[in-house]
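Residue-level listing of the chains:
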Amino acid sequence: MRWFYCNFSKFLTGSLIIFFTWQIISMTGAGIFLPSPAGVIIRLIEIFPSVLLRHTAASFLRTIVPVLLASILAYPAGVVSGLSRKGDFIISPLSYLLYPVPKIALLPLFLLLFGLGELSRILIVFSVIFFQVLLSVRDSVKSIEKEYFTSISILGGRFLHAFRYVIWPHTLPRFISSVRISAATSLSVLFFAETFGTDRGLGFFIMDSWVRVAYKDMASGILCISLLGLAFFYSLDAAEKYFCPWITGNNSENM
Amino acid sequence: MLEAANLSASYPGISLFTGLSLSLTRGETAAVLGPNGCGKSTLLSLLTAQKKPLAGSVRLSGRIIEKGDKRVGCILQTYGIFPWLTVEKNIRIPLEISGLEEKEIRKKVSGIMRDFSINSLKERYPSSLSGGEKQKTALARTMASDPELLLMDEPFSAIDALTREELQDFLKDLLKGKKITTLIVTHSIDEAVYLADTIYIMGKKPSEGFVSAYRSGQDFTDRKDPAFFSHINNIRLIMESTR
(Lines give C-alpha, C1' and ligand atoms only; values in the text may rest on other atoms or scores of the structure.)
Protein backbone atom coordinates (compact mmCIF):
# COMPACT_ATOMS: atom_id res chain seq x y z
CA MET A 1 0.00 0.00 0.00
CA ARG A 2 2.87 2.33 0.92
CA TRP A 3 4.46 1.55 -2.46
CA PHE A 4 1.19 2.47 -4.18
CA TYR A 5 0.91 5.84 -2.39
CA CYS A 6 4.58 6.57 -3.01
CA ASN A 7 4.19 5.92 -6.75
CA PHE A 8 0.86 7.73 -6.90
CA SER A 9 2.34 10.89 -5.38
CA LYS A 10 5.25 10.69 -7.88
CA PHE A 11 2.74 10.29 -10.71
CA LEU A 12 0.69 13.22 -9.46
CA THR A 13 3.74 15.50 -9.24
CA GLY A 14 4.90 14.54 -12.76
CA SER A 15 1.41 15.01 -14.18
CA LEU A 16 1.04 18.47 -12.59
CA ILE A 17 4.36 19.63 -14.11
CA ILE A 18 3.32 18.36 -17.57
CA PHE A 19 -0.19 19.83 -17.37
CA PHE A 20 1.15 23.16 -16.14
CA THR A 21 3.67 23.40 -19.03
CA TRP A 22 0.99 22.25 -21.46
CA GLN A 23 -1.44 24.92 -20.18
CA ILE A 24 1.20 27.66 -20.65
CA ILE A 25 1.90 26.51 -24.24
CA SER A 26 -1.82 26.32 -25.06
CA MET A 27 -2.23 29.95 -23.92
CA THR A 28 0.30 31.11 -26.55
CA GLY A 29 -0.13 31.15 -30.32
CA ALA A 30 0.38 27.38 -30.39
CA GLY A 31 -2.99 27.04 -28.65
CA ILE A 32 -4.70 26.67 -32.06
CA PHE A 33 -2.93 23.30 -32.49
CA LEU A 34 -2.59 22.37 -28.85
CA PRO A 35 -5.84 22.85 -26.95
CA SER A 36 -5.75 23.31 -23.18
CA PRO A 37 -5.36 20.17 -21.00
CA ALA A 38 -8.79 20.65 -19.43
CA GLY A 39 -10.43 20.82 -22.88
CA VAL A 40 -8.56 17.72 -24.04
CA ILE A 41 -9.45 15.73 -20.91
CA ILE A 42 -13.13 16.64 -21.32
CA ARG A 43 -12.99 15.61 -25.02
CA LEU A 44 -11.21 12.36 -24.04
CA ILE A 45 -13.98 11.50 -21.57
CA GLU A 46 -16.60 12.34 -24.23
CA ILE A 47 -15.22 10.21 -27.04
CA PHE A 48 -13.53 7.40 -25.07
CA PRO A 49 -16.47 4.97 -24.82
CA SER A 50 -17.73 5.47 -28.38
CA VAL A 51 -14.48 5.98 -30.34
CA LEU A 52 -11.22 5.85 -28.43
CA LEU A 53 -11.87 2.62 -26.54
CA ARG A 54 -11.68 0.45 -29.67
CA HIS A 55 -8.54 2.23 -30.91
CA THR A 56 -6.90 1.90 -27.47
CA ALA A 57 -7.88 -1.76 -27.25
CA ALA A 58 -6.39 -2.43 -30.70
CA SER A 59 -3.10 -0.72 -29.78
CA PHE A 60 -3.04 -2.49 -26.41
CA LEU A 61 -3.41 -5.91 -28.04
CA ARG A 62 -0.79 -5.05 -30.69
CA THR A 63 1.62 -4.30 -27.84
CA ILE A 64 0.80 -6.94 -25.24
CA VAL A 65 0.74 -9.90 -27.64
CA PRO A 66 4.25 -9.26 -29.03
CA VAL A 67 5.56 -8.40 -25.54
CA LEU A 68 4.38 -11.78 -24.26
CA LEU A 69 5.54 -13.67 -27.37
CA ALA A 70 8.94 -12.00 -27.40
CA SER A 71 9.42 -12.59 -23.66
CA ILE A 72 8.48 -16.27 -23.93
CA LEU A 73 10.91 -16.82 -26.83
CA ALA A 74 13.73 -14.39 -25.96
CA TYR A 75 14.11 -15.43 -22.32
CA PRO A 76 15.11 -19.07 -22.96
CA ALA A 77 17.26 -17.98 -25.92
CA GLY A 78 19.07 -15.53 -23.62
CA VAL A 79 19.58 -18.23 -20.98
CA VAL A 80 20.98 -20.67 -23.56
CA SER A 81 23.25 -17.97 -24.98
CA GLY A 82 24.46 -17.03 -21.49
CA LEU A 83 25.11 -20.58 -20.31
CA SER A 84 26.36 -22.37 -23.41
CA ARG A 85 29.33 -21.39 -25.54
CA LYS A 86 27.84 -23.18 -28.53
CA GLY A 87 24.53 -21.40 -28.04
CA ASP A 88 26.27 -18.06 -27.72
CA PHE A 89 28.32 -18.82 -30.84
CA ILE A 90 25.11 -18.91 -32.88
CA ILE A 91 22.78 -16.54 -31.03
CA SER A 92 25.09 -13.57 -30.33
CA PRO A 93 26.26 -12.88 -33.93
CA LEU A 94 22.65 -13.12 -35.12
CA SER A 95 21.56 -10.63 -32.46
CA TYR A 96 24.44 -8.26 -33.19
CA LEU A 97 23.50 -8.25 -36.87
CA LEU A 98 19.78 -7.72 -36.39
CA TYR A 99 19.51 -5.73 -33.14
CA PRO A 100 21.05 -2.46 -34.41
CA VAL A 101 18.79 -2.29 -37.48
CA PRO A 102 16.15 0.41 -36.78
CA LYS A 103 13.00 -1.66 -36.63
CA ILE A 104 10.98 1.06 -38.32
CA ALA A 105 13.19 0.48 -41.39
CA LEU A 106 11.89 -3.08 -41.49
CA LEU A 107 8.26 -1.96 -41.59
CA PRO A 108 7.97 -1.84 -45.43
CA LEU A 109 9.62 -5.26 -45.66
CA PHE A 110 7.27 -6.72 -43.03
CA LEU A 111 4.25 -5.21 -44.81
CA LEU A 112 5.42 -6.75 -48.09
CA LEU A 113 6.20 -10.14 -46.55
CA PHE A 114 3.27 -10.51 -44.17
CA GLY A 115 0.67 -8.23 -45.73
CA LEU A 116 -1.26 -5.31 -44.30
CA GLY A 117 -2.93 -7.42 -41.58
CA GLU A 118 -2.23 -7.75 -37.88
CA LEU A 119 0.68 -10.17 -38.30
CA SER A 120 3.11 -7.60 -39.72
CA ARG A 121 2.27 -5.10 -36.96
CA ILE A 122 2.71 -7.73 -34.23
CA LEU A 123 5.99 -8.89 -35.75
CA ILE A 124 7.44 -5.40 -35.96
CA VAL A 125 6.78 -4.78 -32.24
CA PHE A 126 8.01 -8.31 -31.50
CA SER A 127 11.32 -7.53 -33.22
CA VAL A 128 11.81 -4.43 -31.04
CA ILE A 129 11.39 -6.36 -27.79
CA PHE A 130 12.93 -9.71 -28.71
CA PHE A 131 16.59 -8.66 -29.08
CA GLN A 132 16.52 -6.25 -26.15
CA VAL A 133 15.23 -9.01 -23.85
CA LEU A 134 17.52 -11.67 -25.30
CA LEU A 135 20.69 -9.62 -24.83
CA SER A 136 19.73 -8.43 -21.35
CA VAL A 137 18.99 -11.96 -20.18
CA ARG A 138 22.19 -13.29 -21.79
CA ASP A 139 24.30 -10.63 -20.05
CA SER A 140 22.55 -11.27 -16.76
CA VAL A 141 23.21 -15.02 -16.99
CA LYS A 142 26.85 -14.38 -17.86
CA SER A 143 27.26 -12.14 -14.83
CA ILE A 144 26.08 -14.79 -12.34
CA GLU A 145 28.92 -15.50 -9.94
CA LYS A 146 30.23 -19.03 -10.24
CA GLU A 147 29.97 -19.57 -6.48
CA TYR A 148 26.16 -19.65 -6.71
CA PHE A 149 26.27 -22.58 -9.15
CA THR A 150 28.90 -24.25 -6.97
CA SER A 151 26.66 -23.82 -3.91
CA ILE A 152 23.73 -25.47 -5.66
CA SER A 153 25.92 -28.27 -6.95
CA ILE A 154 27.35 -28.92 -3.46
CA LEU A 155 23.81 -28.98 -2.05
CA GLY A 156 23.03 -31.78 -4.51
CA GLY A 157 21.12 -29.67 -7.03
CA ARG A 158 20.83 -30.36 -10.75
CA PHE A 159 20.19 -27.96 -13.64
CA LEU A 160 16.53 -27.41 -12.78
CA HIS A 161 17.48 -26.49 -9.21
CA ALA A 162 20.15 -24.12 -10.52
CA PHE A 163 17.49 -22.55 -12.72
CA ARG A 164 14.97 -22.24 -9.91
CA TYR A 165 17.29 -20.98 -7.19
CA VAL A 166 19.91 -19.07 -9.21
CA ILE A 167 19.24 -18.30 -12.88
CA TRP A 168 15.58 -17.24 -12.66
CA PRO A 169 15.87 -14.91 -9.63
CA HIS A 170 19.17 -13.47 -10.86
CA THR A 171 17.86 -12.67 -14.34
CA LEU A 172 14.35 -11.55 -13.38
CA PRO A 173 15.13 -7.89 -12.53
CA ARG A 174 17.13 -7.41 -15.76
CA PHE A 175 14.40 -9.20 -17.73
CA ILE A 176 11.69 -6.90 -16.36
CA SER A 177 13.91 -3.89 -16.91
CA SER A 178 14.54 -4.84 -20.55
CA VAL A 179 10.80 -5.24 -21.19
CA ARG A 180 10.27 -1.83 -19.57
CA ILE A 181 12.88 -0.18 -21.80
CA SER A 182 11.61 -1.82 -24.97
CA ALA A 183 7.94 -1.05 -24.17
CA ALA A 184 8.46 2.66 -24.89
CA THR A 185 10.21 1.94 -28.20
CA SER A 186 7.47 -0.54 -29.06
CA LEU A 187 4.79 2.11 -28.68
CA SER A 188 6.61 4.53 -30.99
CA VAL A 189 7.18 1.82 -33.61
CA LEU A 190 3.56 0.75 -33.25
CA PHE A 191 2.43 4.32 -33.90
CA PHE A 192 4.07 4.21 -37.34
CA ALA A 193 2.85 0.69 -38.00
CA GLU A 194 -0.73 1.81 -37.34
CA THR A 195 -0.61 4.53 -39.97
CA PHE A 196 -0.63 1.93 -42.78
CA GLY A 197 -3.49 -0.27 -43.92
CA THR A 198 -5.66 -0.15 -40.83
CA ASP A 199 -8.59 1.85 -39.49
CA ARG A 200 -7.97 0.87 -35.88
CA GLY A 201 -5.34 1.80 -33.34
CA LEU A 202 -4.19 5.01 -31.68
CA GLY A 203 -1.65 5.66 -34.46
CA PHE A 204 -4.44 5.65 -37.04
CA PHE A 205 -6.72 7.77 -34.81
CA ILE A 206 -4.08 10.46 -34.18
CA MET A 207 -3.12 10.78 -37.87
CA ASP A 208 -6.77 10.72 -38.93
CA SER A 209 -7.65 13.47 -36.42
CA TRP A 210 -4.69 15.52 -37.69
CA VAL A 211 -5.95 15.26 -41.27
CA ARG A 212 -9.48 16.18 -40.10
CA VAL A 213 -8.02 19.22 -38.26
CA ALA A 214 -9.64 17.83 -35.08
CA TYR A 215 -6.85 18.91 -32.73
CA LYS A 216 -8.73 18.09 -29.53
CA ASP A 217 -9.24 14.52 -30.80
CA MET A 218 -5.57 14.33 -31.84
CA ALA A 219 -4.41 15.44 -28.38
CA SER A 220 -6.85 12.97 -26.77
CA GLY A 221 -5.23 10.17 -28.80
CA ILE A 222 -1.75 11.28 -27.73
CA LEU A 223 -2.91 11.36 -24.11
CA CYS A 224 -4.27 7.84 -24.54
CA ILE A 225 -0.89 6.57 -25.81
CA SER A 226 0.73 8.20 -22.81
CA LEU A 227 -1.75 6.52 -20.45
CA LEU A 228 -1.19 3.18 -22.18
CA GLY A 229 2.58 3.54 -21.63
CA LEU A 230 1.94 4.55 -18.04
CA ALA A 231 -0.15 1.43 -17.47
CA PHE A 232 2.67 -0.73 -18.89
CA PHE A 233 5.33 0.92 -16.76
CA TYR A 234 3.36 0.71 -13.53
CA SER A 235 2.39 -2.90 -14.24
CA LEU A 236 6.06 -3.75 -14.71
CA ASP A 237 7.01 -1.82 -11.56
CA ALA A 238 4.35 -3.73 -9.64
CA ALA A 239 5.61 -7.03 -11.10
CA GLU A 240 9.16 -6.16 -10.05
CA LYS A 241 8.00 -5.15 -6.60
CA TYR A 242 6.10 -8.42 -6.20
CA PHE A 243 8.57 -10.86 -7.78
CA CYS A 244 11.89 -9.21 -6.76
CA PRO A 245 11.36 -8.14 -3.15
CA TRP A 246 15.09 -8.45 -2.36
CA ILE A 247 15.99 -5.45 -4.51
CA THR A 248 16.72 -2.41 -2.38
CA GLY A 249 13.66 -0.23 -2.46
CA ASN A 250 11.35 -3.18 -3.12
CA ASN A 251 11.96 -4.60 0.34
CA SER A 252 9.47 -3.05 2.74
CA GLU A 253 12.19 -2.91 5.43
CA ASN A 254 14.16 -0.51 3.29
CA MET A 255 11.28 1.79 2.51
CA MET B 1 35.85 -41.55 8.29
CA LEU B 2 37.31 -39.41 5.51
CA GLU B 3 40.13 -40.85 3.44
CA ALA B 4 41.76 -38.94 0.63
CA ALA B 5 44.48 -41.05 -0.95
CA ASN B 6 47.22 -39.97 -3.37
CA LEU B 7 45.33 -37.02 -4.77
CA SER B 8 46.83 -35.24 -7.77
CA ALA B 9 45.36 -32.17 -9.35
CA SER B 10 46.23 -29.66 -12.02
CA TYR B 11 44.82 -26.70 -13.88
CA PRO B 12 45.57 -26.15 -17.56
CA GLY B 13 49.28 -25.35 -17.71
CA ILE B 14 49.75 -25.52 -13.93
CA SER B 15 50.54 -28.69 -12.03
CA LEU B 16 49.27 -28.56 -8.45
CA PHE B 17 49.97 -31.19 -5.81
CA THR B 18 50.65 -34.86 -6.47
CA GLY B 19 50.17 -37.79 -4.12
CA LEU B 20 48.40 -35.79 -1.41
CA SER B 21 46.84 -37.96 1.30
CA LEU B 22 44.63 -37.10 4.23
CA SER B 23 42.79 -39.17 6.78
CA LEU B 24 40.25 -37.98 9.34
CA THR B 25 38.48 -40.18 11.84
CA ARG B 26 34.75 -39.75 12.52
CA GLY B 27 34.11 -36.58 14.53
CA GLU B 28 37.65 -35.30 14.08
CA THR B 29 38.22 -31.63 13.24
CA ALA B 30 41.20 -30.82 11.06
CA ALA B 31 42.51 -27.56 9.71
CA VAL B 32 44.56 -26.94 6.61
CA LEU B 33 46.94 -24.01 6.89
CA GLY B 34 49.02 -22.58 4.12
CA PRO B 35 49.96 -19.47 2.18
CA ASN B 36 47.91 -18.07 -0.70
CA GLY B 37 48.01 -20.12 -3.89
CA CYS B 38 49.20 -23.33 -2.22
CA GLY B 39 46.10 -25.23 -3.39
CA LYS B 40 43.91 -25.16 -0.28
CA SER B 41 40.73 -24.26 -2.15
CA THR B 42 41.53 -26.81 -4.87
CA LEU B 43 41.74 -29.43 -2.13
CA LEU B 44 38.19 -28.51 -1.06
CA SER B 45 37.03 -28.77 -4.69
CA LEU B 46 38.47 -32.29 -4.81
CA LEU B 47 36.91 -33.29 -1.49
CA THR B 48 33.46 -32.07 -2.61
CA ALA B 49 34.01 -33.74 -6.03
CA GLN B 50 33.44 -30.40 -7.75
CA LYS B 51 36.78 -31.06 -9.43
CA LYS B 52 37.96 -34.46 -10.60
CA PRO B 53 41.42 -35.48 -9.41
CA LEU B 54 44.02 -36.53 -11.98
CA ALA B 55 44.75 -39.47 -9.73
CA GLY B 56 43.68 -40.75 -6.34
CA SER B 57 40.33 -41.00 -4.64
CA VAL B 58 38.27 -39.49 -1.84
CA ARG B 59 36.15 -41.80 0.29
CA LEU B 60 33.76 -41.09 3.13
CA SER B 61 32.85 -44.08 5.29
CA GLY B 62 34.33 -46.29 2.58
CA ARG B 63 32.23 -44.89 -0.28
CA ILE B 64 33.64 -42.61 -2.96
CA ILE B 65 32.33 -39.04 -2.73
CA GLU B 66 30.28 -38.11 -5.80
CA LYS B 67 29.47 -34.63 -7.08
CA GLY B 68 26.53 -33.25 -5.07
CA ASP B 69 26.96 -35.98 -2.45
CA LYS B 70 24.43 -35.26 0.29
CA ARG B 71 26.81 -36.61 2.94
CA VAL B 72 29.10 -33.66 2.35
CA GLY B 73 28.38 -30.08 3.40
CA CYS B 74 30.60 -27.23 2.34
CA ILE B 75 30.63 -23.56 3.22
CA LEU B 76 32.37 -21.39 0.68
CA GLN B 77 34.55 -18.43 1.58
CA THR B 78 31.87 -16.02 0.37
CA TYR B 79 29.19 -18.05 2.19
CA GLY B 80 27.31 -18.93 -1.02
CA ILE B 81 23.95 -17.81 0.34
CA PHE B 82 21.57 -16.39 -2.22
CA PRO B 83 20.83 -12.66 -1.93
CA TRP B 84 17.39 -13.07 -3.51
CA LEU B 85 16.13 -15.46 -0.85
CA THR B 86 15.30 -14.75 2.78
CA VAL B 87 17.30 -16.49 5.50
CA GLU B 88 14.51 -19.05 5.94
CA LYS B 89 14.27 -19.76 2.21
CA ASN B 90 18.03 -20.16 1.95
CA ILE B 91 17.94 -22.78 4.71
CA ARG B 92 15.08 -24.64 3.00
CA ILE B 93 17.05 -25.24 -0.21
CA PRO B 94 18.88 -28.50 0.64
CA LEU B 95 15.68 -29.92 2.11
CA GLU B 96 13.64 -28.98 -0.97
CA ILE B 97 16.32 -30.48 -3.22
CA SER B 98 16.17 -33.68 -1.16
CA GLY B 99 12.45 -33.87 -1.92
CA LEU B 100 11.27 -33.79 1.70
CA GLU B 101 7.59 -33.14 2.38
CA GLU B 102 6.58 -29.56 3.21
CA LYS B 103 5.56 -30.47 6.76
CA GLU B 104 8.92 -32.11 7.38
CA ILE B 105 10.79 -29.15 5.87
CA ARG B 106 8.99 -26.63 8.09
CA LYS B 107 9.67 -28.69 11.19
CA LYS B 108 13.33 -29.09 10.38
CA VAL B 109 13.89 -25.45 9.39
CA SER B 110 12.26 -24.09 12.52
CA GLY B 111 14.36 -26.50 14.63
CA ILE B 112 17.59 -25.40 12.98
CA MET B 113 16.72 -21.70 13.25
CA ARG B 114 16.01 -22.16 16.93
CA ASP B 115 19.26 -24.08 17.51
CA PHE B 116 21.25 -21.39 15.69
CA SER B 117 19.34 -18.54 17.42
CA ILE B 118 18.49 -16.95 14.07
CA ASN B 119 14.71 -16.96 14.33
CA SER B 120 14.64 -13.18 14.29
CA LEU B 121 16.41 -13.19 10.90
CA LYS B 122 13.81 -15.47 9.28
CA GLU B 123 12.32 -12.90 6.87
CA ARG B 124 15.50 -10.89 6.31
CA TYR B 125 17.47 -10.81 3.05
CA PRO B 126 21.24 -11.42 3.13
CA SER B 127 21.97 -7.83 2.08
CA SER B 128 20.71 -6.67 5.48
CA LEU B 129 22.74 -9.21 7.49
CA SER B 130 26.10 -8.73 9.20
CA GLY B 131 29.04 -10.97 8.28
CA GLY B 132 28.47 -13.11 11.36
CA GLU B 133 24.76 -13.52 10.61
CA LYS B 134 25.56 -14.49 7.01
CA GLN B 135 28.04 -17.10 8.23
CA LYS B 136 25.48 -18.50 10.69
CA THR B 137 22.90 -18.69 7.89
CA ALA B 138 25.37 -20.51 5.64
CA LEU B 139 26.21 -22.92 8.46
CA ALA B 140 22.53 -23.49 9.26
CA ARG B 141 21.80 -24.22 5.58
CA THR B 142 24.67 -26.70 5.41
CA MET B 143 23.69 -28.42 8.66
CA ALA B 144 20.06 -28.71 7.48
CA SER B 145 20.98 -31.74 5.40
CA ASP B 146 22.77 -33.45 8.34
CA PRO B 147 26.12 -33.93 6.60
CA GLU B 148 28.66 -36.50 7.75
CA LEU B 149 31.49 -34.30 6.56
CA LEU B 150 31.68 -30.53 6.91
CA LEU B 151 34.14 -28.53 4.83
CA MET B 152 34.73 -24.84 5.41
CA ASP B 153 36.78 -22.46 3.30
CA GLU B 154 38.15 -19.50 5.30
CA PRO B 155 34.96 -19.47 7.37
CA PHE B 156 35.59 -16.40 9.50
CA SER B 157 38.03 -14.38 7.40
CA ALA B 158 35.67 -11.47 6.70
CA ILE B 159 34.31 -11.16 10.23
CA ASP B 160 35.42 -8.80 13.01
CA ALA B 161 37.57 -10.24 15.81
CA LEU B 162 34.96 -10.48 18.58
CA THR B 163 32.23 -11.95 16.38
CA ARG B 164 34.79 -14.37 14.97
CA GLU B 165 35.58 -15.65 18.49
CA GLU B 166 31.85 -16.01 19.26
CA LEU B 167 31.32 -17.96 16.03
CA GLN B 168 34.35 -20.15 16.67
CA ASP B 169 32.92 -21.05 20.10
CA PHE B 170 29.51 -21.70 18.54
CA LEU B 171 31.05 -23.92 15.85
CA LYS B 172 33.15 -25.80 18.37
CA ASP B 173 30.10 -26.62 20.52
CA LEU B 174 28.09 -27.59 17.44
CA LEU B 175 30.76 -29.95 16.12
CA LYS B 176 31.28 -31.54 19.53
CA GLY B 177 27.56 -32.15 19.91
CA LYS B 178 27.00 -33.60 16.44
CA LYS B 179 30.32 -35.45 16.04
CA ILE B 180 30.74 -34.30 12.48
CA THR B 181 34.03 -34.85 10.69
CA THR B 182 35.22 -31.38 9.76
CA LEU B 183 37.96 -29.87 7.64
CA ILE B 184 38.57 -26.14 7.87
CA VAL B 185 40.77 -24.33 5.38
CA THR B 186 42.15 -21.21 6.98
CA HIS B 187 44.91 -18.59 6.98
CA SER B 188 44.60 -18.04 10.71
CA ILE B 189 46.99 -20.05 12.90
CA ASP B 190 45.11 -19.26 16.13
CA GLU B 191 41.80 -20.33 14.54
CA ALA B 192 43.39 -23.63 13.48
CA VAL B 193 44.87 -24.27 16.96
CA TYR B 194 41.61 -23.33 18.71
CA LEU B 195 39.30 -25.42 16.54
CA ALA B 196 41.27 -28.35 15.15
CA ASP B 197 42.56 -31.62 16.52
CA THR B 198 45.01 -31.96 13.63
CA ILE B 199 46.56 -29.15 11.63
CA TYR B 200 47.85 -29.93 8.16
CA ILE B 201 50.40 -27.42 6.95
CA MET B 202 50.84 -26.96 3.22
CA GLY B 203 54.09 -25.89 1.60
CA LYS B 204 54.51 -22.61 -0.22
CA LYS B 205 54.45 -24.33 -3.59
CA PRO B 206 51.36 -26.40 -4.36
CA SER B 207 53.58 -29.28 -5.50
CA GLU B 208 54.95 -29.66 -1.94
CA GLY B 209 51.53 -30.74 -0.61
CA PHE B 210 51.38 -31.22 3.16
CA VAL B 211 54.75 -30.56 4.76
CA SER B 212 53.60 -31.31 8.29
CA ALA B 213 50.67 -32.65 10.31
CA TYR B 214 50.59 -31.05 13.76
CA ARG B 215 48.57 -32.29 16.71
CA SER B 216 48.21 -30.04 19.72
CA GLY B 217 46.60 -32.83 21.75
CA GLN B 218 44.58 -30.25 23.66
CA ASP B 219 41.01 -29.00 23.44
CA PHE B 220 41.26 -25.30 24.18
CA THR B 221 38.42 -23.38 25.77
CA ASP B 222 40.52 -20.42 26.89
CA ARG B 223 42.36 -18.32 24.34
CA LYS B 224 44.55 -16.86 27.11
CA ASP B 225 45.98 -20.29 28.00
CA PRO B 226 49.83 -20.07 27.66
CA ALA B 227 49.82 -23.52 25.98
CA PHE B 228 47.58 -22.05 23.26
CA PHE B 229 50.22 -19.42 22.43
CA SER B 230 52.95 -22.01 22.58
CA HIS B 231 51.22 -24.13 19.90
CA ILE B 232 50.69 -21.05 17.75
CA ASN B 233 54.43 -20.32 17.94
CA ASN B 234 55.33 -23.92 17.12
CA ILE B 235 53.19 -23.81 13.99
CA ARG B 236 54.57 -20.42 13.02
CA LEU B 237 58.09 -21.88 13.24
CA ILE B 238 57.12 -24.82 11.04
CA MET B 239 55.58 -22.50 8.48
CA GLU B 240 58.59 -20.19 8.46
CA SER B 241 60.95 -23.13 7.98
CA THR B 242 59.06 -24.15 4.84
CA ARG B 243 59.46 -20.76 3.16
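What counts and what doesn't
Residues numbered from 1 in each chain as written. Chains lettered and ligands numbered in written order. Predicted model: local features only at pLDDT ≥ 70, side-chain atom pairs only at ≥ 80, totals over all residues. Helix = DSSP H or I, 4+ residues; strand = E, 2+ residues; numbered from the N terminus. Rg over C-alpha atoms; globule rule 2.2 N^0.38 Å. Contact = placed C-beta atoms within 7 Å. pLDDT = per-residue confidence, 0-100. Core = buried A, V, L, I, M, F, W, Y, C linked by C-beta atoms within 7 Å. Buried ≥ 20, exposed ≤ 12 C-beta atoms within 10 Å, placed from the backbone. Domains from an automatic or database assignment. Pairing = 2+ DSSP bridges. Axes fitted to C-alpha atoms, helices over the stretch in contact; angles between N-to-C directions.

### Describing the overall build of chain B
Across its full length, chain B holds 7 helices and 12 strands. The C-alpha radius of gyration computed for chain B amounts to 18 Å, which stays within 12% of the reference 18 Å derived for 243 residues, consistent with globular compactness. If you take every contact in chain B between residues at least 6 apart in sequence, the share linking residues at least 24 apart comes to 69%.

### Concerning the confidence of the model for chain B
Residues and elements named next belong to chain B. When pLDDT is averaged along chain B, the result is 90; 100% of the residues meet or exceed 70. Mean pLDDT across the secondary structure elements of chain B bottoms out at strand β3 (residues 14–15), with 76, and peaks at helix α2 (residues 87–98), with 96. In the predicted assembly, ipTM is 0.88 and pTM is 0.87.

### Digging into the nonpolar core
Counting 114 residues, the largest nonpolar core has I129(A), V133(A), A31(B), L33(B), L47(B) and L151(B) as the members making the most contacts within it. When residues of this core are assigned to domains, at least three map to each of domain 1 (2–71 + 147–241) and domain 2 (83–146) of chain B. Among residues more than four places away in sequence, those in contact with L151(B) are L44(B), L47(B), T48(B), V72(B), C74(B) and L183(B).

### Comments concerning the sheet that holds strand β12 (residues 210–215) of chain B
Residues and elements named next belong to chain B. The 6 strands are arranged β8-β9-β10-β5-β11-β12 in an open sheet whose pairing can be described as mixed. In this open sheet, the two strands that pair with only one neighbour each are β8 (72–75) and β12. For this sheet, the mean inter-axis angle between neighbouring strands, taken without regard to orientation, is 15°. With 4 bridges joining them, strand β5 (residues 29–33) and strand β11 (residues 198–202) adopt parallel strand pairing. Bridge assignment links L33 to a residue of β11, and that residue is I201.

### Re the interface of chain A and chain B
By a widespread convention, an interface's size corresponds to the accessible area lost as its parts come together. With 16 residues of chain A in contact, the opposing surface of chain B contributes 18 residues. Where the side of chain A that touches chain B is concerned, the elements lending two or more residues are α6 (146–154) and α7 (159–193) of chain A. In terms of residues, the side of chain A that touches chain B owes the most to one element, α6(A), which gives 6 residues.

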